[in-house]
Amino acid sequence: MRLVARPNRNSPLRDAMMPVAAVAASLLICAVLILLAGANPLTAFGIMAKAAFWGKFALTETLARAAPLILSGLAALVALRTRFWNIGGEGQIIVGAMAAAWVGALTSLPTPLLIPFMLIGAALAGAALAAVPASLKTRLGVDEVVSTLMLNFIVMYLMQALLSGPWKDPVTGWTNSPSILRAAEFPVFWKGTRLHLGVLVAFLAVGVVGVIMKRTTLGLSMKIVGENPREARHAGLDVTRVTLAAALLSGALAGLAGAGEIGGIQFQVIASISSGYGGIVVAMLARLSAAGIIPAALFIAAITTGADEMSRQTGVPFFIADAMQGICLIAVLVAMTLSRYQIRFRTS
């Protein structure tokens, strides 16, 4: 058995059906897991869908959970399109959250500047962290997969040190950072929900990134560098500068995701502030297209929102949501491979 490149790789129908097939395959596999847990898959999926989209609270909660996934998905998209394998989105979200929490607790800043400075500070912190592995790659040839992954652990341990040390509440002993000022909390668009300013920032970011990738010189340069760095150099492009620009933009987007969690949801840094590697799943499910980021993020957010209620009603462990995300990523990778190659069996 071997893989052979398809003669016609540009098939719009096949490309459009690829994420649909991947989602269907992941749901089918998860249905088997739900059966093994002793529940009816159709009932479980129905409960998940209702808990994620039925009613004001469910819908707005899904949107709120989708916001960090949208931003981290965009961060992964920008990096991967430039062939900068940024696995450090989790760390960049955390440093963005820590920067936003620090700025949001400053009493010396004028009230109107708190929220803008939180967003700017978080974006700069995420970009600064992403610049480290990007510089190591472009200057010293260090593998960015290893460096970005290791930086995740460094940042997580730094956060835990702060939460267990200077930020620890001396009265209650809770390992949370001090809460941000009331004036630094993001405005809510729908009273009684968590539909906050960060959700709007995430949706606006999709449009901005889409314009950058399709209608600017930087976006075109990223695409060329991502497809063939050697040819990009022959064409006169500064591959080092383009890679650094992509890394900075990627880190800034991830940092904004952290700011949204601080300003709109948690209002302080907690140990579980990051959305993990969900951004990579979203970016791959969207086929590295800005237009697909929102539906992909809503799908993943619906899984996590609905899994709570499904677990309560059916007894299926909540961790089925994590399994679904992982299976979905594997299914997308398999679908992407099969869209470019076909399987040939050797005949004796």
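Since we're looking at a predicted model, the values are computed, not measured.

The rules behind each value
Residues numbered from 1 in each chain as written. Predicted model: local features only at pLDDT ≥ 70, side-chain atom pairs only at ≥ 80, totals over all residues. Heavy atoms only, no water. Helix = DSSP H or I, 4+ residues; strand = E, 2+ residues; numbered from the N terminus. Buried < 20%, exposed > 50% of the residue type's maximum accessible area, 1.4 Å probe, protein only. Polar contact = N/O pair within 3.5 Å; in protein donor to acceptor, adjacent residues only side chain to side chain. Contact = heavy atoms within 4.5 Å. Patch = residues over 30% accessible without salt bridge, like charges linked within 9 Å, V, L, I, M, F, W, Y side chains within 5 Å. Areas by Shrake-Rupley, 256 points an atom, 1.4 Å probe, with all protein chains shown as cover. Salt bridge = Lys/Arg side-chain N within 4 Å of Asp/Glu carboxyl O. 1 Å grid on protein atoms, 1.4 Å probe; cavity = no way out; pocket = protein on both sides within 12 Å on 5 of 7 lines; lining within 4 Å. Points joined across faces, edges and corners; volume = space filled by probe spheres on them. Nonpolar A, V, L, I, M, F, W, Y, C, P; charged D, E, K, R; others polar. Expected span 1.5 Å × (residues − 1). Bend = angle between axes of the 7 residues up to and from the residue. Disulfide = S-S within 2.5 Å.

**Student:** Is there a simple way to explain the side chain of N86 in this structure?
**Tutor:** Along the polypeptide, N86 turns up in the loop between α3 (56–81) and α4 (89–104). Given the relative accessible area of 5%, N86 is considered buried. In terms of polar contacts, N86 uses its side chain to reach the side chain of S250, at 3.0 Å. Setting aside anything within four residues of it in sequence, one finds N86 in contact with A79, Q92, T148, S250 and I280.

**Student:** Would you take a moment to explain a nonpolar patch on the surface for this structure?
**Tutor:** A cluster of nonpolar side chains, namely W85, V145, V146, M150, F153 and Y157, defines an oily patch on the protein surface of about 570 Å² accessible area. Note that Y157 resides in helix α6 (residues 144–164).

**Student:** Is there a simple way to think about empty space enclosed by the protein in this case?
**Tutor:** Gaps between atoms show up when a probe of the same size as a water molecule is rolled over them. According to the stated counting rule, one finds 2 cavities of 30 Å³ or more in the structure shown. Lining the largest cavity are 14 residues, with S72, G89, E90, G279 and I280 positioned closest to its centre. Among the elements of the structure, α3, α4, α10 (239–266) and α11 (278–285) are those that each provide at least two residues to the lining of the largest cavity. Grouping the constituent residues of the lining of the largest cavity by class yields 7 nonpolar, 6 polar and 1 charged. In this model, the second largest cavity occupies a volume close to 50 Å³. If you go around the second largest cavity, the residues you meet are A64, A67, P68, L71, H196, G198, L256, A257, G260 and E261. Going through the elements one at a time, α3 and α10 are the ones with two or more residues in the lining of the second largest cavity.

**Student:** Help me out: how do you make sense of unusual backbone geometry in this one?
**Tutor:** Working note: non-glycine residues mostly have negative phi, and peptide bonds are mostly trans. Even without a glycine there, the phi angle at R83 is positive, about 60°. Note on placement: R83 falls in the loop between α3 and α4. We classify R83 as partly exposed; its relative accessible area is 35%. Phi at R287 takes a positive value of approximately 60°, unusual for a residue other than glycine. Mapped onto the elements of the fold, R287 is located in the loop between α11 and α12 (290–314). Classification of R287 by relative accessible area gives partly exposed; the value is 34%.

**Student:** Can you walk me through the side chain of E61 in this structure?
**Tutor:** Mapped onto the fold, E61 is located in helix α3. When its relative accessible area of 6% is taken as the criterion, E61 is described as buried. Those residues in contact with E61 that lie beyond four places of it in its chain are R194 and T305.

**Student:** Would you take a moment to explain the layout of surface pockets for this structure?
**Tutor:** In this model, the largest pocket occupies a volume close to 1400 Å³. Together, 34 residues line the largest pocket, and R81, R287, L288, M336 and R340 are the ones closest to its centre. Those elements that place two or more of their residues in the lining of the largest pocket are α1 (12–36), α3, α7 (197–215), α8 (217–227), α11, α12 and α13 (320–340). Residue composition of the lining of the largest pocket, grouped by class: 17 nonpolar, 8 polar and 9 charged.

**Student:** For this particular structure, what's the right way to read α3?
**Tutor:** In this model α3 runs 36 Å from its N-terminal to its C-terminal C-alpha over 26 residues, within 8% of the 38 Å that 1.5 Å per residue would give. A maximum bend of about 30° is found in α3 at A66, where proline P68 lies one to four positions downstream. Most of α3 is tucked away, with 20 of its 26 residues classed as buried. Just downstream of α3, R83 is the residue with a positive phi angle, here 60°.

**Student:** Help me understand the pattern of salt bridges in this model?
**Tutor:** Pairs can form between side chains of opposite charge whenever their charged atoms are close. By the definition in use, this model includes 7 salt bridges. Between E61 and R65 there is a salt bridge, and its shortest N-O distance comes to 3.4 Å. Linking E61 with R65, this pair stays in helix α3, spanning 4 residues, or about one helical turn. Residues E144 and K137 are paired through a salt bridge, measuring 3.1 Å at the closest nitrogen-oxygen approach. Here E144 falls in the buried class, since its relative accessible area comes to 4%. Since its relative accessible area comes to 26%, K137 is described here as partly exposed.

**Student:** Would you mind going over the state of the cysteines with me for this structure?
**Tutor:** A covalent bond bridging the sulfur atoms of two cysteines is what the word disulfide describes. Using the criterion set out here, one finds 0 disulfides in the structure. This cysteine, C30, is not joined by any disulfide, and C328 carries the nearest cysteine sulfur, 8.6 Å off.

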